Every structure is written in C-alpha cells, then in structure tokens.
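Observations on the model geometry
Okay, here's what each chain looks like letter by letter:
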2 protein chains.
Amino acid sequence: MRSYGQYCSVAKALDVVGDRWTLLIVRELLLQGRCRYTDLRNGLPGIATNLLADRLRDLERAGVIEREDAPPPIATTLFRLSDRGERLRPVLDALGHWGVPYMAAGPAAGDEFRSQWLAWPASTFLVDGSPDGPPVAIELRTPDGDIVVEAAAGVVRTHPGRAQSADAVIEGDPHLILALLSGNLELDAARGAGLRFEGDAAALTRMQPRVTAS
Amino acid sequence: MRSYGQYCSVAKALDVVGDRWTLLIVRELLLQGRCRYTDLRNGLPGIATNLLADRLRDLERAGVIEREDAPPPIATTLFRLSDRGERLRPVLDALGHWGVPYMAAGPAAGDEFRSQWLAWPASTFLVDGSPDGPPVAIELRTPDGDIVVEAAAGVVRTHPGRAQSADAVIEGDPHLILALLSGNLELDAARGAGLRFEGDAAALTRMQPRVTAS
DNA sequence: CCGCATCCGGGGCGATACTG
DNA sequence: CAGTATCGCCCCGGATGCGG
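Not measured: the values here are computed from a predicted model. (Residues numbered from 1 in each chain as written. Chains lettered and ligands numbered in written order. Predicted model: local features only at pLDDT ≥ 70, side-chain atom pairs only at ≥ 80, totals over all residues. Heavy atoms only, no water.)

Thoughts on the relation of the copies chain B and chain A
Counted only if it meets this: Overlaid copies result from least-squares superposition on C-alpha atoms, with residues included only where pLDDT is at least 70 in both. The criterion used for residue contact is that any of the two residues' heavy atoms lie within 4.5 Å.
Turning chain B through 180° and shifting it by 0.1 Å along the axis lays it on chain A, with an RMSD of 0.1 Å. Here the transformation between the copies is reduced to the relation of a two-fold axis. Taking C-alpha positions as the reference, the residue of chain B nearest the rotation axis is Val 91 of chain B, at 2.9 Å. Taken as a fraction of all interface residues of chain B, those also at the interface in chain A reach 100%, which identifies the copy contact as same-surface.

Observations regarding helix α2 (residues 22-32) of chain A
All names here are of chain A. Formally: Only protein chains enter the area calculation, which uses a 1.4 Å probe; residues under 20% of their type maximum are buried, those over 50% are exposed, and those in between are partly exposed. Counting from the N terminus, the helices are the DSSP runs of H or I reaching at least four residues and the strands are the DSSP runs of E reaching at least two.
Burial of α2 is extensive: 10 of the 11 residues sit out of reach of the surface. Restricting attention to buried positions, one finds in α2 the residues Thr 22, Leu 23, Leu 24, Ile 25, Val 26, Arg 27, Glu 28, Leu 29, Leu 30 and Leu 31. Looking at the residues trailing α2, positive phi occurs at Gly 33, about 75°.

Remarks on the pattern of salt bridges
Residue and element names in this part refer to chain A. In plain terms, the rule: Every case where a carboxyl oxygen of Asp or Glu lies within 4 Å of a side-chain nitrogen of Lys or Arg is listed as a salt bridge.
The full count for this structure, using the stated rule, is 32 salt bridges over all chains. For Glu 171, the salt bridge goes to Arg 196, with nearest N and O atoms at 3.6 Å. You can see Glu 171 sitting in strand β8 (residues 168-171) and its partner Arg 196 sitting in strand β9 (residues 196-199), a full 25 residues away along the chain. Residue classification places Glu 171 among the partly exposed residues on the basis of a relative accessible area of 30%.

A word on the nonpolar core
Quick reminder of the rule: We call a set of buried residues a nonpolar core when its members are Ala, Val, Leu, Ile, Met, Phe, Trp, Tyr or Cys and they connect through side-chain atoms within 4.5 Å of each other.
Counting residues in hydrophobic clusters, the biggest one holds 70 residues, and the most contacted among them are Leu 92 of chain A together with Leu 92 of chain B. Setting aside chain neighbours within four positions, we find Leu 92 of chain B in contact with Val 10 of chain A together with Leu 23, Val 26, Arg 27, Leu 30 and Trp 120 of chain B.

Considering the sheet that holds β8 of chain A
All names here are of chain A. Basically, it comes down to this: Pairs of strands are assigned from DSSP output, requiring at least two bridges between the strands. Lines fitted to the C-alpha atoms define the axes, with helices restricted to the stretch that makes contact. Angles between their N-to-C directions range from 0 to 180 degrees.
As summarised here, the arrangement of the 5 strands in space is β7-β6-β5-β8-β9, forming an open sheet in which the pairing is mixed. With one partner strand each, in any of the chains shown, β7 (155-160) and β9 form the two edges of the open sheet. On average, each strand axis in the sheet is tilted by 15° relative to the strand beside it, whichever way the strands run. Of the pairings in the sheet, the one linking strand β5 (residues 136-142) to β8 comprises 4 bridges and is parallel in character. Of the residues in β8, the one forming a bridge with Glu 139 is Val 169.

Here's the deal with the domain arrangement of chain A
For an interface, size is often stated in terms of accessible area lost upon the parts coming together. Residues and elements named next belong to chain A. Quick reminder of the rule: Domain limits in this description derive from either an automatic procedure or a database domain assignment. Joining two parts hides part of their accessible area as seen by a 1.4 Å probe, and the buried area is that hidden amount summed over both. Under the scheme applied, nonpolar residues are Ala, Val, Leu, Ile, Met, Phe, Trp, Tyr, Cys and Pro; charged residues are Asp, Glu, Lys and Arg; polar residues are all the others, including Gly.
Taken domain by domain, chain A consists of domain 1 (9-87) and domain 2 (107-209). Taken residue by residue, the interface counts 7 residues in domain 1 and 7 residues in domain 2. Considering only the surface of domain 1 that becomes buried against domain 2, Arg 27, Leu 31 and Pro 45 emerge as the three largest contributors, covering 69% of it. Scanning the region where domain 1 abuts domain 2 turns up 0 salt bridges. Elements supplying a minimum of two residues to the side of domain 1 that touches domain 2: α2 and α3 (37-43). Of all the elements, α2 adds the most residues to the side of domain 1 that touches domain 2, at 4 residues. The residue inventory of the side of domain 1 that touches domain 2, partitioned by class, reads 2 nonpolar, 3 polar and 2 charged.

Considerations on the protein's contact with DNA strand C
So the rule is basically this: The cutoff for a nearby residue is simple: one of its non-hydrogen atoms must lie within 4 Å of the molecule or strand. Between N or O atoms, a polar contact is any pair within 3.5 Å; within protein, one atom must be a potential hydrogen donor and the other a potential acceptor, and residues adjacent in sequence are included only when both atoms are from side chains.
Taken together, 21 residues sit near DNA strand C, with Arg 20 and Arg 55 of chain A together with Arg 2, Thr 49 and Thr 76 of chain B positioned nearest. Trp 21 of chain A has a polar side-chain atom sitting 2.9 Å from a phosphate oxygen of DNA strand C. Within the contact set of DNA strand C, a phosphate oxygen lies 3.1 Å away from a backbone nitrogen or oxygen of Tyr 37 of chain B. Sorting the residues of the surface near DNA strand C by element identifies α4 (49-61) of chain A together with α3 (37-43), α4 (49-61) and β2 (77-81) of chain B as the ones contributing at least two each. Residue composition of the surface near DNA strand C, by class: 6 nonpolar, 8 polar and 7 charged.

Considerations on the protein's contact with DNA strand D
Every one of the 21 residues lining DNA strand D counts as a neighbour, but Arg 2, Thr 38 and Thr 76 of chain A together with Arg 20 and Arg 55 of chain B are closest to it. Here, DNA strand D places atoms within 4 Å of the protein, and 76% of those atoms are sugar or phosphate. Taking Thr 49 of chain A, its side chain carries an N or O atom lying 3.2 Å from a base nitrogen of DNA strand D. Between DNA strand D and Asp 19 of chain B, the relevant distance is 3.1 Å, taken from a phosphate oxygen to a side-chain nitrogen or oxygen of the residue. Elements that contribute at least two residues to the surface near DNA strand D include exactly α3, α4 and β3 (77-81) of chain A together with α4 of chain B. By residue class, the composition of the surface near DNA strand D is 6 nonpolar, 8 polar and 7 charged.

Details of the sheet that holds strand β2 (residues 65-69) of chain A
All names here are of chain A. One open sheet holds the 3 strands; their spatial order is β1-β3-β2, and the pairing between them is antiparallel. The open sheet is flanked by β1 (35-36) and β2, the only strands paired with a single partner. Two strands pair when backbone bridges link them, and β2 and β3 are joined in this way by 5 bridges, in the antiparallel orientation. Pairing of Ile 65 across the sheet is with Leu 81, part of β3. Each of β1, β2 and β3 touches α2; the most contacted strand, β3, lies at about 95° to it. Here α4 sits on the sheet in contact with β2 and β3, set at roughly 105° to β2.

Quick look at the structure:
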C-alpha cells in the first residue's frame, strides 16, 4: 500500500494492514490457525486469487505472517501468523465488536457466511446469563464446519470443532443459528424455518445479548 | 466502499470504516474534537480535498459523524463524531498501540508530523515510572500546536493545549521530542540538536518506555 | 478564506482464464 | 493445490475552479 507518509503510529499501522482484504486475511488466520492457500480462499469468499497471493507476499515481507512448508507426506504450504501478527487480535476484537450491530438486520442479499465468523458476535455480543452456573456448551453444525459456543463464568467463547459433551446441538442455516442465538428468533419459529435443535433448550437461554447502548 | 459481502461483524465494520483515509479522519476527530473542514485537512496531510469531502459524506450517511452549523457569528461548518463514532476509539487505540514499534526507527523521509499524534505513543508506550508520586505534567510546544503529557497514578495521558502548571516545557522539533520522551536520545544530546528544555529534568525520567516484547 | 465540485491520469482492485 | 497472467474498471491522487 502507498504509505500515508505520516509519523503517527495509527497511520504506520494502516500502512501495513490498511489495504483492502488485509485485515480479513488476518481474521481467518486468527480464527483457523495455520491455513493452506485454499483454506484461506474458502474463508475469504469474494477475494481475487491474485490479490490473495499479493497480500500474503506483502504480509510476509512485513513480518505479520510466516510461510511454512508442511512435513513431507503432505507437500503443501501453510501460512500462519507470526508473533507480531498475533498481536493484531485486539485490533480485530475491537473492529468485530464495533461491527456487531450491523449483524442485527440479518445478512444482506448475497452475503456469504462461514461458521467461524460467529466468533466475534458470540464472544463480544453475547454474555453468560448465569455466571455462577456450570459451564454450558452448544455445538453448531453448519455446511462449512462445526464450531462450539461455550458459556462459563460470565463469558461466552467460541472455537472450531466439536464439543466433548455438548448440552445442545444446532444444525442448519447459519443465519437462523445467529438469529436464534441473538434472541431475534424463537426456538419454535427457528424449528419451523428448518433449523434442527437437539438437547437442552436452557443452554440457549443461558446466553443472552449483552445490554449496551450501541 | 464496495461491500465485502460477508455476514461477519469484522467485514461489516470494514465496509464502513475500511476505506482509505477513513480511520485517519476518525483519528483526527478523536484527537481534536469538533473540527472545521480546514482543521481536518491540516491534520490529514496528503489527503486530496475531494476525497476528504467524499469521506465526510460517507461517514455522515453511515452515522459515524455529524455535521453541525456553528452559531451565527462564526458561519462555518463543524464536524464531530457521533456516539457511534466515539465508540471507534478502542479500534484506534488497538491500531495505534500495534503501530508504535514502527515509530522507533524515526520518521521516514518526507513523513509529515502533527503534535497531537503523539497521543498514542505517549499513552500506550510510555508508563508512569513512579505511580505513587504526585502528578507530573510536561508541556510540549511544536510548530503546529501545544500538547500536554501527564503522568499520574501509573498511566501517561495526553491532551491538546497548555498545562495549568507544567513541571517542564519542551520546545522544538517533534521528532526530537519523541526521541527524548522514548529514551532514544539523552537530554544533553537533544539540547545539542536544538531542542529547548526548561524545568525539572526529573519529570522526564518519570515517564519510561513500557517493557513489552513487541 | 472555507467548503467543496470537476477533471484527468495512474494504479489498485475484481473477475476470469490459465498453468506447473 | 498454489498460485500467474491478463484485462477493464473504478478508486485514488493531484491540480484547478468556484460559489458563499
């Protein structure tokens, strides 16, 4: 990116990560950890492949990501964040938190979705309604992968994969899942819309929208 | 900006503030408060005037800033952040903190500088070396305005303007001021380079670089 | 002078095709 | 699978004009 030419730490940061798509690439690496080129493409619907290659080159030169040749049997290239890149997490957290209100209206026409993107709405918008209760885990199964949403000790967190013991399992359209989690859709209505829900409905009410004047 | 078309709060946030120059406009409004168009231009060296006008329109439509007609005798337009815009402060804080290491090497050739930009290096990179001591204020006088750096109760903060009672006053080249504050330049050397320092040198050593593995 | 609008050249970006 | 190559387009940068 063309430098702003300003001796200011915000401008210098944007010189490095202010290009279009750059912070979304960091998002995917924060969410997924080490990725193949194809994994990144899949997590970044809409990006032009030459742009992804360009950005990965830029980010590597800037010391934000590192390229790693996978061990022999695999024969592929993996990309991962460097320590410096991992330190961008607070930036993504702040941006993701600020952007949550835009999710309330539902996806725009043609919006793509990946289950791992629920991490920010879940961990910054939802709050554990019963901080003193035992931990609760809800497993989400979407067409592009599974993630676990956990409420424990007052906070809600997410991570990819399956839960060891899920209190509830939700399967179906990701938009419906978010509507259900955020309280914009009742369980009965969600079921009527095709969402499959198994397990303890109380696990659902355990997670509540954080009360903020946004 | 063209939407990323992703139902993700980070992407939605970048749909609004991801355009070039946009976050720097927010930076200026966070630092300066209400601004005239000309004030913004002055705080954003390098921006094309049509782009500034475009961005201000976009930000107003997005509800991030608000336009305000100044009271009669003044007859000008003022721009200020809305509540929603003020909530971008954590984003700028995170970015500014992440970018501080890029300041260490000094300004690049042709880099512009404004004194108010010292706010992030001062408040996130410097730390109050004597948390239990009485508050200390250093007044900085640069060609484009004055700012105050205060150390109190363990933290270092800045604000524009003059101090009620400054323990020290530094006047001169902003680059030298930052080098002096960050400990990269000794007081004697700074004086030799043309910096004027008056007051208590202990106020200077009160503020120390935060120890981080950056 | 302040707050823009207009015009124009160059390059970043988007979409698709192609390749080792 | 992991990228290059190519080609338009539109965003951006820089200069200038202009009404209030």
